[in-house]
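# Descriptive analysis of the structure
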Amino acid sequence: MKPEELVQLAKDARARSYVPYSGFAVGAALLCKDGKIYQGCNIENAAFGPTICAERVAVFKAVYDGEREFEAIAVAGGRAGEDITGLFPPCGVCRQVLREFCDLDFMLYLAKENGEYEARSLGEMLPMSFSGADMK
Ligand code: THU
């Protein structure tokens, strides 16, 4: 799967976002090492705190299905109902959740306008990260 295709699947997932409070739709597409893909969208809540990000929906769907090895994720965010207008960087909580299951060479494709994207490794996005290996 080419990064461009994963980016398009992340953009497509934005259509499923439930965002009555922020009006900001985020989509994610997670590529497993076995080739399967899991999409996610953000799902908001009137109490705000229970809101979940698109990236974590994708990861949790995959882990529930028995997936534990991941290659890359694409993310896209912007005003709901509109095309994205710029790069969307995943929040710190989602970076940490990715770190639980992914090595530092796991790739993130951050969608930009016109089908463009920026590629960053998890090591770049979450330097000096804490993981289970640090609990010795
Ligand atoms: N959001 C995500 O889906 N992913 C992130 O990495 C950061 C933020 C969502 C949560 C909320 O529904 C909206 O974007 C505005 O914060």
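Being a predicted model, the structure only gives us computed values, none of them experimental.

Our next topic: the overall build of the chain. Scanning the chain from N- to C-terminus turns up 4 helices and 5 strands. When its helices and strands are written in sequence order, the chain yields α-β-β-α-β-α-β-β-α. In summary, the chain has a C-alpha radius of gyration of 14 Å against a globular reference of 14 Å for 136 residues, a match within 12%. Each principal axis of the C-alpha atoms in the chain carries an extent, and together these give about 45 × 35 × 30 Å. Across the 136 residues that make up the chain, the buried fraction comes to 44%. For the chain, the accessible surface area stands at approximately 7400 Å², while carbon and sulfur atoms represent 52% of it.

Moving on, we get to the nonpolar core. Among the nonpolar cores identified, the biggest contains 23 residues, and Leu30, Phe70, Ile73, Leu98, Phe106, Leu108 and Leu122 are the most heavily contacted of them. For this core, the secondary structure elements donating two or more residues are strand E1 (24-32), helix H2 (54-64), strand E3 (70-79), helix H3 (92-101), strand E4 (107-111) and helix H4 (122-125). Element by element, the count of residues in this core is highest for H2, at 5 residues. Beyond its immediate sequence surroundings of up to four residues, Leu108 is in contact with Ile73, Pro90, Leu98, Glu118, Ala119, Arg120, Ser121, Leu122 and Met125. In this structure, Leu6, Ala10, Ala72 and Ala76 belong to the second largest nonpolar core, which totals 11 residues.

Take Ser121: it is sitting in strand E5 (residues 117-121). Aside from chain neighbours lying at most four places away, what touches Ser121 is Leu104, Asp105, Phe106, Met107 and Leu108.

Counted by the stated rule, this structure contains 4 salt bridges. When the shortest N-O distance is used, the salt bridge between Lys36 and Asp34 registers 3.8 Å. According to the relative accessible area criterion, Lys36 is partly exposed, its value standing at 44%. On the basis of relative accessible area, Asp34 is assigned to the partly exposed category, the value being 47%. Across the pair Arg120 and Glu118 runs a salt bridge whose closest N-O atoms are separated by 2.7 Å. Through salt bridges with shared partners, a single network forms among Asp34, Lys36 and Glu67.

Okay, the site of the ligand next. Taken together, Ser22, Phe24, Val26, Asn42, Glu44, Thr51, Cys53, Ala54, Glu55, Phe88, Pro90 and Cys91 are the residues near the ligand. Between Asn42 and the ligand, the recorded distance is 2.9 Å, taken from a side-chain N or O atom to an oxygen atom. With respect to the ligand, the backbone of Cys91 contributes an N or O atom lying 2.8 Å from an oxygen atom. For the ligand, whose free accessible area comes to 380 Å², the fraction covered by protein is 78%. In terms of residue class, the shell around the ligand is built from 7 nonpolar, 3 polar and 2 charged.

Moving on: the sheet that holds E4. The strand order across the open sheet formed by 5 strands is E2-E1-E3-E4-E5, and the pairing between neighbours is mixed. Edge strands, defined here as strands with exactly one partner in the open sheet, are strand E2 (37-41) and E5. Recorded for the sheet is a direction-independent mean angle of 20° between the axes of neighbouring strands.

Definitions and limits used
- Residues numbered from 1 in each chain as written.
- Predicted model: local features only at pLDDT ≥ 70, side-chain atom pairs only at ≥ 80, totals over all residues.
- Heavy atoms only, no water.
- Helix = DSSP H or I, 4+ residues; strand = E, 2+ residues; numbered from the N terminus.
- Rg over C-alpha atoms; globule rule 2.2 N^0.38 Å.
- Buried < 20%, exposed > 50% of the residue type's maximum accessible area, 1.4 Å probe, protein only.
- Areas by Shrake-Rupley, 256 points an atom, 1.4 Å probe, with all protein chains shown as cover.
- Core = buried A, V, L, I, M, F, W, Y, C linked by side-chain atoms within 4.5 Å.
- Contact = heavy atoms within 4.5 Å.
- Salt bridge = Lys/Arg side-chain N within 4 Å of Asp/Glu carboxyl O.
- Near = heavy atom within 4 Å.
- Polar contact = N/O pair within 3.5 Å; in protein donor to acceptor, adjacent residues only side chain to side chain.
- Nonpolar A, V, L, I, M, F, W, Y, C, P; charged D, E, K, R; others polar.
- Pairing = 2+ DSSP bridges.
- Axes fitted to C-alpha atoms, helices over the stretch in contact; angles between N-to-C directions.

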